[in-house]
Structure formats: C-alpha cells, structure tokens
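The lines below spell out each chain.
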Amino acid sequence: MTVIVLEPNESSNAENETAVDGELDVPRRNAFGHDFRDFEKESMRNAIVQECYRKNHIYQTCEFANKKKEEYGKLNKAEMSIWDLDEPQIDHLLQTAEAIRRDHPHEHWLHLTALIHDLGKVLLHPAFGEEPQWCVVGDTFPLGCAFDNNIVHHQFFKENPDSRNPAFNTKLGIYSENIGLDNITMSWGHAEYMYLVAKGNNTTLPPAGLFIISNAPPWSLYFPDER
Ligand SMILES: [Fe+2]
C-alpha cells in the first residue's frame, strides 16, 4: 500500500486561530491548512452530508444511544486487524498520527491515540452490524437535555422525539451541574464505540487519550459560537 503524506500548508498556520476552552486548544484547520468544516458550499457532497445530519438528529435519542452502548459494549461482534480496513481509512489514520508525531514528537500516547481514533468506524462493516452512516459518523452531542442551538443543523431536532419530552427539554435535563462528561449520554457513533473497545480491552492509554477518542468531535462544545 502506498501512503501519500501531504505536505502541510505552512502559509496557513498564521491564520490558524485556536479556540481556548479551559485548557483545551482546538485548531480551526488541520495540519494541511484545510478547514475542518465548510457547511456553506453547495455541492452534491453537502447534500449527502446534510441528509446524514437530518437522520442523525431525528433518530439519535437518549434511549437509542443507551441501547447501542449496551449492545456494542458487549464487544462480541468480531475481531479485526487495523490493516483490514479500507485504504482511505488507513491513510487518514496514518496521516493523522504522523502529523501529530511531527507536532508532538515525545507524546507517544498521543501518536497511538491518533492512529486508532477512528477505528470505531468499523460499525459500517458488515461484521460489526453494517450500521448506517447517520449513527456512525458526524458530530456528537449530549442527549437527555435540551439540544443546544449551536449544534450543526439544529433545525432537524424538531422531529426528534426527545424534543417533545419535558424531562429532556431544560438546559441540564436529566443531569446536574458539574456532573462530568463521563456521566453524560452522548449521541451514538464511532467515537463512543472506540471508547468502549479501548476500555473493554484494558487500554493503557492515559485518560486524555480516552477523552480524545470518546469525544471526537462534539463541535458545539468546542466552538459554541459557530455553526
Ligand atoms: Fe478522524
């Protein structure tokens, strides 16, 4: 397999502003100078992405996410090597790990985290249930409380049954102040699944690695003023 590692666009680095949320520095662009998100472009791809978000926002309920966590938490679907993935996925993982190794050469745990961060996308594979795209990829968000206005394509939540549940319609919903992300039900997807796989296999990654894997990417939490 040939892996093409793109050279980062150095000229873009000066414009690469970061948002600081507590101690978390989040870049707006990747190491190659590309914006992570551009929802304004009119294209076929965006139409497909929009449809994926529509279904995601309608069908991701608190009950749905908890059932998926219970089902997939058993870790009884299949065993697969990282090299069994299709080539674009492997390329993405290697490029991410190499870019992070360049920027943080001594943080070995972070290189490994990057290398495995998207492996939960095996949920799309027949051996792991062949789940539809809308419950595997895309931004994640908290369930059991009001859907934040900053969540991308917020308008689709109108059709989500949880929107009509009074217990879920306040800012805190079923939670209490400072309960911690560990105790929040996030929308189901590859990130949550990879977290369960890592935990279930007694990973030696530090908590920060698990945080990165399990919370990638709750965009509305990182950039609350952007849509
Ligand atoms: Fe990724």
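Here the structure is a predicted model, which means the values were calculated and not measured.

**Q** Got a sec to walk through the overall build of the chain? Specific residues and values, please.
**A** On a plain count of helices and strands, the chain comes out with 7 helices and 2 strands. Ordered by position from N to C terminus, the α and β elements of the chain give β-β-α-α-α-α-α-α-α. Residues counted as buried form 25% of the 227 residues belonging to the chain. Considering only intrachain contacts with a sequence separation of at least 6, the fraction spanning at least 24 residues in the chain is 70%.

**Q** Any chance you could break down the nonpolar core for me, citing the residues and the numbers?
**A** Membership of the largest hydrophobic core comes to 22 residues, with the highest contact counts inside it found for Ala65, Met194, Tyr195 and Ile213. Only α2 (62–72) and α5 (190–200) provide two or more residues apiece to this core. Broken down by element, the residue count for this core peaks at 5 residues, all from α5. In contact with Met194, not counting residues within four places along its chain, are Ile116, His117, Leu119, Gly120 and Ile213.

**Q** Describe the packing of helix α3 (residues 87–103) against helix α4 (residues 108–116), with residues and values.
**A** Running from amino to carboxyl end, α3 crosses α4 at an angle of 160°, the nearest separation of the two axes being 7 Å. When the axis of α3 is compared with that of α4, the two are roughly antiparallel. In terms of crossing hand, the pair formed by α3 and α4 is right-handed. Residues Leu93, Thr96, Ala97, Ile100 and Arg101 of α3 pack against Leu110, His111, Ala114 and Leu115 of α4. Of the residues assigned to the contact of α3 with α4, the class counts are 6 nonpolar, 2 polar and 1 charged.

**Q** Pulling in residues and values, what's your account of the packing of α5 against helix α6 (residues 207–215)?
**A** Packing of α5 against α6 brings their axes to within 6 Å, and their N-to-C directions diverge by 145°. In this structure, α5 contributes Ala191, Glu192, Met194, Tyr195 and Ala198 to the contact, and α6 contributes Leu210, Ile213, Ser214 and Asn215. For the contact of α5 with α6, the class distribution of residues is 6 nonpolar, 2 polar and 1 charged.

**Q** Talk me through α6; I want residue IDs and the actual numbers.
**A** Listed in full, the buried residues belonging to α6 are Gly209, Ile213 and Ser214. Axial view of α6: buried residues confined to an arc of 120°, hence all on one face. Summarising the geometry of α6, the exposed residues directed more than 90 degrees from the buried face are Pro207 and Ala208. Lining the buried residues of α6 we find α4 and α5.

**Q** Now, about the UniProt feature "binding site: Fe cation" (unreviewed entry) in the chain: what can you tell me, with residues and values included?
**A** The UniProt record annotates "binding site: Fe cation" (unreviewed entry) at His92, His117, Asp118 and His190. Locating His92 in the fold gives a position in helix α3. Counting through the fold element by element, His190 comes out in helix α5. With residues near it in sequence (within four places) discarded, His190 still touches Asp118, Gly120, Lys121, Leu123, Val136 and Val137.

**Q** Break down unusual backbone geometry for me, with residues and values.
**A** Positive phi values are uncommon outside glycine, yet Leu75 reaches one of about 55°. Considering the arrangement of structural elements, one finds Leu75 in the loop between α2 and α3. In this model, His153 sits at a positive phi of 55°, which is unusual for a non-glycine residue. Its location among the elements puts His153 in the loop between α4 and α5.

**Q** Tell me about α5, and name the residues and values.
**A** When we look at burial in α5, the residues that qualify are His190, Ala191, Glu192, Tyr193, Met194, Tyr195 and Ala198. Structurally, α5 contributes buried residues whose contacts are with α2, α4 and α6. Positive phi shows up at Asn202, right after α5, with a value of about 55°.

**Q** How would you sum up the environment of Val137? Please name residues and give values.
**A** With respect to the helices, strands and loops of the structure, Val137 is situated in the loop between α4 and α5. Since 20 C-beta atoms lie within 10 Å of it, Val137 is described here as buried. The spacing of Val137 and Leu123 is 14 residues in sequence and 9.6 Å in space, taken between C-alpha atoms. Excluding anything up to four places from it in sequence, Val137 contacts Lys121, Gly189 and His190.

Conventions used here
- Residues numbered from 1 in each chain as written.
- Predicted model: local features only at pLDDT ≥ 70, side-chain atom pairs only at ≥ 80, totals over all residues.
- Helix = DSSP H or I, 4+ residues; strand = E, 2+ residues; numbered from the N terminus.
- Buried ≥ 20, exposed ≤ 12 C-beta atoms within 10 Å, placed from the backbone.
- Contact = placed C-beta atoms within 7 Å.
- Core = buried A, V, L, I, M, F, W, Y, C linked by C-beta atoms within 7 Å.
- Axes fitted to C-alpha atoms, helices over the stretch in contact; angles between N-to-C directions.
- Parallel < 35°, antiparallel > 145°, perpendicular 65-115°, else oblique.
- Left-handed = near helix turned anticlockwise from the far one by under 90°.
- Nonpolar A, V, L, I, M, F, W, Y, C, P; charged D, E, K, R; others polar.
- Arc of directions from axis to C-beta.
- UniProt positions renumbered as here; feature names shortened; annotations may be inferred.

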